[in-house]
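Structural features, examined
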Amino acid sequence: MNVRFFALFLICAFLGPHALSAQEEKKDSLNIAVDSLSRDQPILLQTQDNTIQDASLQVPVAKTETEQASLEDMEQAYTYDSLWLRELAKHEDYFKEMYAQVTRMDVDTTEYLELPTDTLKARLQRLDEKTPFNIAYNPSLERVIKTFLTKKRGLMQRMLTASQFYFPLFEQELDNQNIPLEVKYLAIVESALNPRAKSRVGATGLWQFMFSTGKIYGLDVSSYVDERSDPIASTKAAGKYLAKLYDIFNDWDLALAAYNSGPGNVNKAIRRSGGYKNYWNIRRNLPRETAGYVPAFLAAMYLFEYAEEHGLTGEKIERPYFETDTVHIKELITFDQISSLVGISKEELEVLNPQYKLNIIPKVKGKTYTLRLPVKHMGKFVSNEQAIYAYAKTELDKQEKPLPRLVNSSDRIRYKVKSGDYLGKIAQRYGVGISQIKRWNGLRSNNLRIGQRLTIYPRKPVTTAQSKAVATNQPKPKPIALPNDPSKVHEVQSGDSLWTISRKYPGISIENLREWNGIRGNNLKPGTKLRLCNCSS
């Protein structure tokens, strides 16, 4: 312990907090802080209520120009030159690339001579022997694998890098639930390992949970937190959901297909195929996205298992998952405060804690929220936890603008866009920001279309008139005027779906059928007559 510090501490303890003048006390405190910082030690001071706190969290220490320049350089190198941060934080384009690959089934038909078919067959057979998935050679699977090796080679190498952080986390949670560890490759296909990935239909997170499915498996959403983006919570939920699907189908391939499109669509595909229960036999009866989903999963598994043979190498990341730890947060605190007190960049906090939508960790009765930090920063946080909370409260009390009010998922509404609506008008009505509406709904522009559904967490109380308006916006069956031309009408048969109907009529999409017939969901009742044109007579 520093000699000056020890002497000052004894004097304070003996004479009391007022023994030194305020000016002398401040001067000596700053000297102590500078001394301790240079030795990277906690800075303990006695306060007026005779408690001991870390002065480094309360006293603004003046640094020399040399010290400031050195610290800034180190922080910049730590943050912006970090391959780990680049690979984990800048994943938006990777998700789009993988999503497009799966949904469009854009395979490369060019022959890839570096992987002979016989070699691929032998490797797939070896994989099949050590996994519960049905891995057998199939020309479609071969095309997907070769596409990943050519068109998507860069993407796969980036996945090899990012997986070093996420795969240990996945394996731990999957093993806890006795789920095959190979399921970890599913997150590559689902989200390209982006915990904040959001699909065009609102599926969110590493495992792409829809709001309703996430709620079923315990994932909560509020104005502050979206647990679908929490790597641990969402992985636990994905394991539970997959285990349930496996109980239904007793086949991991079909469980994966059901995870993507829902068990109802898989059951329909089984019926339409004549009762087959092998994925490849029912594939042509599945929705288009699901038809490309399982092959992409198997291709990802193959490429990770045989990455070395194909010269695929990921960069070594600087902080794998096991070099981080979590602490339970007891009071409301912001990322800005944690960053300034603990000495970690806000960008890294966002990467490690993607579930916090506003970079604020709230305090909610009955809920426990955690903060993930690199191990090297954890000791400083835990050792000074009470001082950190005290500082955070003081800073929050000083703010002129209050923090956003916590709105739970149970408070959300579904708003249907009407003629004359625009984002600013809707935002003002419910007391929220335009950027919040865009974030909640995955909107990339301000454009809205009539009939579009928006998820909103209102901050203004919804008046009776607004409640009626919202209720009016709920889908109601209404008679559809059918055209006189029988060729422009389709009568729904048993087993029909929007997808199968759209395939029967070239040029007509699922969205066309929904728009022309006022359909919201996917369920069709046999005997229903559907318009096949945007016409009224």
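Okay, so let's go over this structure. (Residues numbered from 1 in each chain as written. Predicted model: local features only at pLDDT ≥ 70, side-chain atom pairs only at ≥ 80, totals over all residues. Heavy atoms only, no water.)

Some thoughts on the overall build of the protein chain
Selection rule: For the purposes of this entry, the term helix denotes a DSSP run of H or I that reaches at least four residues, the term strand denotes a run of E that reaches at least two, and both are numbered from the N terminus. Classification of residues uses two cut-offs on accessible area relative to the type maximum, computed with a 1.4 Å probe and protein chains only: under 20% is buried, over 50% is exposed, and between them is partly exposed. Contacts were defined at the residue level, with two residues in contact if any of their heavy atoms lie within 4.5 Å. In this description, accessible areas are obtained by the Shrake-Rupley approach with a 1.4 Å probe, and a residue is regarded as covered only by the protein chains that are shown.
The helix and strand inventory of the protein chain stands at 25 helices and 10 strands. Relative to its 537 residues, the protein chain shows a buried fraction of 48%. Long-range contacts, defined as pairs at least 24 residues apart, comprise 67% of the intrachain contacts of the protein chain with a sequence gap of at least 6. Carbon together with sulfur atoms contributes 50% to the accessible area of the protein chain, which is approximately 27,800 Å² in total.

Here's the deal with the nonpolar core
Test applied: What is meant by a nonpolar core is a set of buried Ala, Val, Leu, Ile, Met, Phe, Trp, Tyr and Cys residues, joined one to another through side-chain atoms within 4.5 Å.
Residues Ile145, Phe170, Trp207 and Tyr259 are the most contacted members of the largest nonpolar core, which totals 71 residues. Setting aside residues no more than four positions away along its own chain, Ile145 makes contact with Leu115, Leu120, Leu124, Ala299, Tyr302 and Leu303. Counting 23 residues, the second largest nonpolar core, distinct from the first, contains Val225, Leu341, Ile360 and Tyr389.

What to know about empty space enclosed by the protein
Basically, it comes down to this: As defined here, a cavity is a set of points on a 1 Å grid over the protein atoms alone where a 1.4 Å probe fits but cannot get out. A pocket is an open set with protein on both sides within 12 Å along at least five of seven lines, and residues line them when an atom is within 4 Å of a point. Grid points are joined across faces, edges and corners, and a volume is the space filled by probe spheres set on the points. For this scheme, ten residues count as nonpolar: Ala, Val, Leu, Ile, Met, Phe, Trp, Tyr, Cys and Pro. Four count as charged, namely Asp, Glu, Lys and Arg, and the remainder, Gly too, count as polar.
Scanning the model with the defined rule gives 1 cavity of 30 Å³ or more in all. As a volume, the largest cavity reaches approximately 30 Å³. Lining the largest cavity, in full, are Leu124, Leu127, Ile135, Leu141, Ile145, Leu298, Ala299, Met301 and Tyr302. Residue assignment for the lining of the largest cavity shows that the elements contributing at least two residues are helix 6 (117-129), helix 7 (139-150) and helix 16 (293-305). Top contributing element to the lining of the largest cavity by residue count: helix 16, with 4 residues. For the lining of the largest cavity, a count of residues per class yields 9 nonpolar, no polar and no charged.

Quick look at unusual backbone geometry
Phi is positive for Asn178, which is not a glycine, with a value near 55 degrees. Using a relative accessible area of 68% as the deciding quantity, one classes Asn178 as exposed. Located in the positive-phi region is Gln208, a residue other than glycine, with phi close to 50 degrees. Along the chain, the position of Gln208 falls in the loop between helix 9 (186-191) and helix 10 (211-216).

Section: the packing of helix 6 against helix 7
Helices that pack against each other are described as a pair by the angle of their axes relative to one another and the distance between those axes. To be explicit about the condition: Orientation is described by lines fitted to C-alpha atoms, with helices fitted over the stretch in contact, and by angles between N-to-C directions that extend from 0 to 180 degrees. Under this scheme an angle from 65 to 115 degrees is roughly perpendicular, one under 35 degrees roughly parallel, and one over 145 degrees roughly antiparallel; angles in between are oblique.
Here helix 6 crosses helix 7 at 100 degrees, and the two axes come no closer than 12 Å. Judged by the inter-axis angle, helix 6 sits roughly perpendicular to helix 7. Along its contact with helix 6, which presents Thr117, Leu120 and Leu124, the element helix 7 presents Leu141, Glu142, Ile145 and Lys146. Here the residues of the contact of helix 6 with helix 7 sort into 4 nonpolar, 1 polar and 2 charged.

A look at the environment of Arg444
Counting through the fold element by element, Arg444 comes out in the loop between helix 22 (434-441) and strand 8 (453-456). Sequence spacing of Arg444 and Arg200 is 244 residues, and the spatial spacing of their C-alpha atoms is 10.0 Å.

Details of the pattern of salt bridges
Between side chains of opposite charge, a pair can form when the charged atoms approach closely. This is how it is decided: Should a side-chain nitrogen of Lys or Arg be within 4 Å of a carboxyl oxygen of Asp or Glu, the pair is scored as a salt bridge.
One pass over the structure, following the stated rule, counts 13 salt bridges. Measuring nitrogen to oxygen at the nearest pair gives 3.0 Å for the salt bridge that ties Asp226 to Arg228. Asp226 sits in the buried class, given a relative accessible area of 7%. Arg228 sits in the buried class, given a relative accessible area of 6%. Across the salt bridge formed by Lys393 and Asp397, the nearest N and O atoms sit 3.1 Å from each other. Of this pair, Lys393 and Asp397 both sit in helix 20 (residues 385-398), separated by 4 residues, roughly a single helical turn. Via salt bridges that share partners, Lys418, Asp421 and Lys425 belong to a single interconnected network.

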